[in-house]
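Fold and contact review
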Amino acid sequence: QQPVQSPQAVILREGEDAVINCSSSKALYSVHWYRQKHGEAPVFLMILLKGGEQKGHEKISASFNEKKQQSSLYLTASQLSYSGTYFCGTAGDSGNTPLVFGKGTRLSVIA
Amino acid sequence: KAGVTQTPRYLIKTRGQQVTLSCSPISGHRSVSWYQQTPGQGLQFLFEYFSETQRNKGNFPGRFSGRQFSNSRSEMNVSTLELGDSALYLCASSPGGPNQPQHFGDGTRLSIL
């Protein structure tokens, strides 16, 4: 079952913050986050495993709420380089199931 | 360390033909996954190979098939091409499986006329 990402698109000015959500109707083992710039391959950002941990990567962090089967990606003090489409990928409870990606959130950061 | 290499980068085919796409994973990576990317649909999982065995399969018709060789290189074949097969096909490799970071190639853009 494909996870649902929200919002579908967002426009930010440099320095503003954003939150991207990823929700699933199934029990999750892990959530992956990737960013894809136009014309390029998706690039891995981070993985969160069930247990409700939060991870950080420079000014980009994420949380995983196991009870709600939801993950959120937080981008703080956005930079122009953050522009791109963000995908979450979820894997089921067995831990060895393939990733199912959401449709993506298009983030545009303007000066 | 060389990244994931996909060939060719672009392909133009006509309906009814077949096509083979190639993916060379990062050295040491044993898992290769294939995805179809179309506007508005995101990344749709096709299949995953690990140590020459198909470990997972997505919901695509049997026209889509793949294989993996002993050196972990993988090929994907699509037979009897349809207009709806036009897409960017991405492969991703990881050391052991889908729950490890996936390293994507630049993809093969397939256009069906």
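Described below are features of the structure shown in this document. (Residues numbered from 1 in each chain as written. Chains lettered and ligands numbered in written order. Predicted model: local features only at pLDDT ≥ 70, side-chain atom pairs only at ≥ 80, totals over all residues. Heavy atoms only, no water.)

1. Let's talk about the sheet that holds strand β7 (residues 64-68) of chain B
Residue and element names in this part refer to chain B. With antiparallel pairing, four strands are arranged side by side in an open sheet as β1-β3-β8-β7. Where the open sheet ends on each side, the last strands, each with one partner, are β1 (5-7) and β7. Direction aside, neighbouring strands of the sheet carry axes that sit 15° apart on average. (Pairing = 2+ DSSP bridges. Helix = DSSP H or I, 4+ residues; strand = E, 2+ residues; numbered from the N terminus. Axes fitted to C-alpha atoms, helices over the stretch in contact; angles between N-to-C directions.)

2. Description of the pairing of strand β9 (residues 87-94) of chain B
Residues and elements named next belong to chain B. Judged by how many residues are buried, β9 sits mostly within the fold: eight of eight residues are covered. Residues Ala-87, Tyr-89, Cys-91 and Ser-93 line one face of β9 and the alternating positions Leu-88, Leu-90, Ala-92 and Ser-94 line the opposite face, and both faces are buried. Bridge analysis of strand β4 (residues 31-38) against β9 gives seven bridges, and the strand direction is antiparallel. Counted as the bridge partner of Gln-37 is Leu-88 from β9. Of the pairings in the sheet, the one linking β9 to strand β11 (residues 108-112) comprises three bridges and is antiparallel in character. Bridge pairing links Leu-88 to Arg-109 in β11. Examined bridge by bridge, β9 and strand β10 (residues 103-104) share two bridges and lie antiparallel to one another. Within β10, the position partnered with Ser-93 by the bridge is His-103. (Buried < 20%, exposed > 50% of the residue type's maximum accessible area, 1.4 Å probe, protein only.)

3. Description of unusual backbone geometry
Excluding glycine, residues mostly have negative phi values, and the peptide bonds linking residues are mostly trans. Each neighbour pair has its own omega, and for Ser-6 of chain A with Pro-7 of chain A the value is -5°, a cis peptide bond. Note that Pro-7 of chain A resides in the loop between β1 (4-6) and β2 (9-13). A cis amide bond links Thr-7 of chain B to the next residue, Pro-8 of chain B, at an omega of -10°. Mapped onto the elements, Pro-8 of chain B comes out in the loop between β1 and β2 (10-13). Phi is positive for Gln-69 of chain A, which is not a glycine, with a value near 55°. Counting through the fold element by element, Gln-69 of chain A comes out in the loop between β7 (60-65) and β8 (70-75). For Gln-69 of chain A, a relative accessible area of 15% corresponds to the buried category. Phi angles above zero are rare outside glycine, and Ser-72 of chain B is one such case at about 75°. Turning to its location among the elements, Ser-72 of chain B is positioned in the loop between β7 and β8 (74-78).

Worth remembering: the numbers are spatial, not functional.
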